[in-house]
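The primary structure of each chain is shown beneath.
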Amino acid sequence: MVKIKEAILVEGRYDKNTLSQIVDATILETSGFGIFQDKRQMSLLRRVAEKRGLIVFTDSDGAGFVIRNHIKSAIPGKYLKHAYIPDVFGKERRKSAPGKEGKLGVEGMRPDVILEALRRAGATVEGACTAKQAQITKQDLMELGLSGGPDASVKRLALLKKLDLPEHMSANAMLQALNLLYDFSELRTIVEELER
């Protein structure tokens, strides 16, 4: 497994699943065209791009390019890298028929094709997967009153609102976003400010 510094943006969960088996990286989803309506998700993508860099890795069909162009218009190019998959005709295993244009998406690509696309995009490859740096954990969220306690959901919602993150984020998605943007001491300070 190859570790990549930048976050990678894909269209959906099947693309994310495929990539997570090949690379150790933060993988975010656009929810297809859902990204057009979700201002908070776009705000999160902007912040992640500014802090870590963002590799846009959409399908090679027309819809993938519409999403890619939307991201390009919303986030300054200096924070973006673009990975492109080749036009390969066929259908993904889970589908009963090929997509509208008959091309395989990111989820249908072989691992070597995905790694080559990321290399060509200029991904910062950090080598083989190693132990992760200390990150904010679910236990940390419990200690801060953001999980498992009486008002935890209210506190989480207040935190998401303060950080301008999407309010419908699951606890796991919130944890991933927090680890992209903050360390534990920064998070503790923010939570303490909220409690005042």
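Residues numbered from 1 in each chain as written. Predicted model: local features only at pLDDT ≥ 70, side-chain atom pairs only at ≥ 80, totals over all residues. Heavy atoms only, no water.

S.K.: Mind showing me how you'd approach the packing of helix α2 (residues 39-52) against helix α7 (residues 171-181) here?
M.R.: Relative orientation and spacing of two packed helices are given, respectively, by the angle between their axes and the distance between those axes. Where α2 contacts α7, the two axes come as close as 9 Å, and the packing angle between them is 35°. Two packed elements cross with a definite hand, and for α2 against α7 that hand is left-handed. Counted together, Leu44, Arg47, Val48, Lys51 and Arg52 of α2 and Ala177, Leu180 and Leu181 of α7 form the full contact between these two elements. Of the residues that constitute the contact of α2 with α7, the class distribution is five nonpolar, no polar and three charged. (Axes fitted to C-alpha atoms, helices over the stretch in contact; angles between N-to-C directions. Helix = DSSP H or I, 4+ residues; strand = E, 2+ residues; numbered from the N terminus. Left-handed = near helix turned anticlockwise from the far one by under 90°. Contact = heavy atoms within 4.5 Å. Nonpolar A, V, L, I, M, F, W, Y, C, P; charged D, E, K, R; others polar.)

S.K.: Is there a simple way to explain the nonpolar core in this structure?
M.R.: The tendency in soluble globular proteins is for nonpolar side chains to be buried as a group. Formed by 34 residues in total, the largest nonpolar core has its most connected members in Leu45, Ile71 and Leu178. Listing elements by their share of this core, those giving two or more residues are β2 (7-10), α2, β5 (54-56), α3 (62-74), α6 (152-162), α7 and α8 (184-195). Examining the composition of this core, we find that six residues originate from one element, α7, more than from any other. Ignoring sequence-local partners within four residues, the contact set of Leu178 consists of Ile136, Leu141, Leu159, Leu163 and Leu187. (Core = buried A, V, L, I, M, F, W, Y, C linked by side-chain atoms within 4.5 Å. Buried < 20%, exposed > 50% of the residue type's maximum accessible area, 1.4 Å probe, protein only.)

S.K.: Please clarify how α6 should be interpreted in this entry.
M.R.: Residues spaced three or four apart along an α-helix face the same direction, because each turn holds 3.6 residues. The complete set of buried residues in α6 reads Ala152, Leu159 and Leu160. The arc that holds every buried residue of α6, seen down its axis, measures 100°, which confines them to one face. Those residues of α6 that are exposed and aimed more than 90 degrees away from the buried face are Val154 and Lys161. Looking at the buried side of α6, the elements it contacts are α2, α7 and α8. Backbone geometry just downstream of α6 places Asp164 in the positive-phi region, at approximately 55°. (Arc of directions from axis to C-beta.)

S.K.: How do you make sense of the side chain of Lys103 when you look at a structure like this?
M.R.: Tracing the sequence through the fold places Lys103 in the loop between β6 (80-82) and α4 (111-121). The class of Lys103 is buried, set by a relative accessible area of 19%. Here Asp87 takes part through its side chain, which lies 3.3 Å from a polar atom of the side chain of Lys103. Each residue touching Lys103, except ones within four places of it in the same chain, is listed here: Ser60, Asp87, Val88, Phe89, Gly90 and Glu92. (Polar contact = N/O pair within 3.5 Å; in protein donor to acceptor, adjacent residues only side chain to side chain.)

S.K.: Looking at this structure, I do not really get the confidence of the model for the protein. What am I missing?
M.R.: It should be kept in mind that the predicted coordinates are not to be read in detail where pLDDT is low. A residue-level look at the protein finds 96% of positions with pLDDT of 70 or above and a mean pLDDT of 88. Put simply, strand β7 (residues 125-128) is where the protein has its lowest mean pLDDT, 67, and β5 is where it has its highest, 97. Segment residues 128-132: pLDDT under 50, and six contacts once partners within four positions in sequence are set aside and those in other chains are kept. (pLDDT = per-residue confidence, 0-100.)

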